[in-house]
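For reference, the chains in residue letters:
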Amino acid sequence: MKTKRVAAIDCGTNSVRLLIADISGDELTDVERRMEIVRLGQDVDRTGRLAPEALERTFTAMRGYAKLIREHSPDGAVPVRVVATSATRDAANRADFVSGVRDIFGVEPEVVTGDEEARLSFTGATRGLAGSAAETPYLVVDIGGGSTEFVVGSRSVEGALSVDIGCVRLTERHLRDDPPSAETVEAAVADIEAAMDRVEESVPVRTARTLVGLAGSVTTVAGIALDLPAYDPARIHHSRIPAERVHEVSARLLRMTHDERAAIPVMHPGRVDVIGAGALILDRIVRRYGFPEVVVSEHDILDGIAWSLA
């Protein structure tokens, strides 16, 4: 069976990520998987614009990714897809972002809708669950920097919605104290619950049998819950974190100072100031829908973008 090499770039509110992969039939094999915290969504919730320094951080990371793609594409034939999500959707000056990406990769970035983002996340997360013990339908939640996607489905998507609650957005909006006060946490919880009210109006979340959690907030919570001495994707991928551990880790993170969070072995430096909000979102989802555990996936929208090129 012929193997096809592809390059996928996911540009979110907090990070920009690259996956160069070889796809053959139903198998996806990593060639390069990279992540840089760039905080593209810095202050977007307040200003409605992408900050110049945030754009430059993002473009710097992307130039490095373009170099890697060229190194792994001696004949220049590797298809590239660049997907941008919440922060870019919200920005009045997103044309500056589009122009910069076009100059770097030679392709037009796609500022996808929340629904398309949700579908790509579902594809990336669930292809590897086929044949596992995880019961369907799945509720896939992708907790990003600016938004969270809720997707229900088995083999295909049955309902999806993207809502504007994310670890960066909630931190900038509410959790600015160190550690956050009880009042600011309550305000963040009210935002999360209001967003889930909207989700339940259009997505059949109550039919789901398995909760699948994606993205850096979820994988970091999993690493903490597993007491890992260092971040280990192989140990985290498809781990099952009991609900009580999610609650414990979330409460602990919200009580900690910046320096205490930074000292956690699995913590990426770029997540230190936003992990409390991300953990809180996961905690409220688990509580509201009564799931006994969350299945954690290292595969997400980035893998969905790669599969779309196959």
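Bear in mind that the values here come from a model prediction, so they are computed numbers and not experimental data.

**Q** Mind laying out the sheet that holds strand β7 (residues 148-153), listing which residues take part and the relevant values?
**A** Taken in spatial order, the 6 strands make up an open sheet running β8-β7-β6-β9-β11-β10, and their pairing is mixed. At either end of the open sheet lies a strand with only one pairing partner, and these are β8 (157-163) and β10 (240-242). On average, each strand axis in the sheet is tilted by 25 degrees relative to the strand beside it, whichever way the strands run. Along the sheet, helix α5 (residues 114-126) contacts β6 (138-143), β7, β8, β9 (210-214) and β11 (293-297); its crossing angle with β8, the most-contacted strand, is approximately 125 degrees. In the packing of helix α7 (residues 182-202) onto the sheet, the strands contacted are β7 and β8, and the crossing angle to β8 comes to about 155 degrees.

**Q** Can you tell me about the pairing of strand β4 (residues 80-84), naming the residues and giving the values?
**A** Burial runs high along β4: 5 of the 5 residues are buried. Side chains V80, V82 and A84 of β4 all project onto a buried face; the interleaved residues R81 and V83 project onto the opposite face, where all are buried too. Pairing of strand β1 (residues 4-11) with β4 involves 5 bridges; the strand directions are parallel. Across the sheet, I9 pairs through a bridge with V82, a residue of β4. When β4 meets strand β5 (residues 110-111), the two strands line up parallel, connected through 2 bridges. Across the sheet, residue A84 finds its bridge partner in β5, namely V111.

Procedures and definitions
- Residues numbered from 1 in each chain as written.
- Predicted model: local features only at pLDDT ≥ 70, side-chain atom pairs only at ≥ 80, totals over all residues.
- Heavy atoms only, no water.
- Pairing = 2+ DSSP bridges.
- Helix = DSSP H or I, 4+ residues; strand = E, 2+ residues; numbered from the N terminus.
- Axes fitted to C-alpha atoms, helices over the stretch in contact; angles between N-to-C directions.
- Contact = heavy atoms within 4.5 Å.
- Buried < 20%, exposed > 50% of the residue type's maximum accessible area, 1.4 Å probe, protein only.

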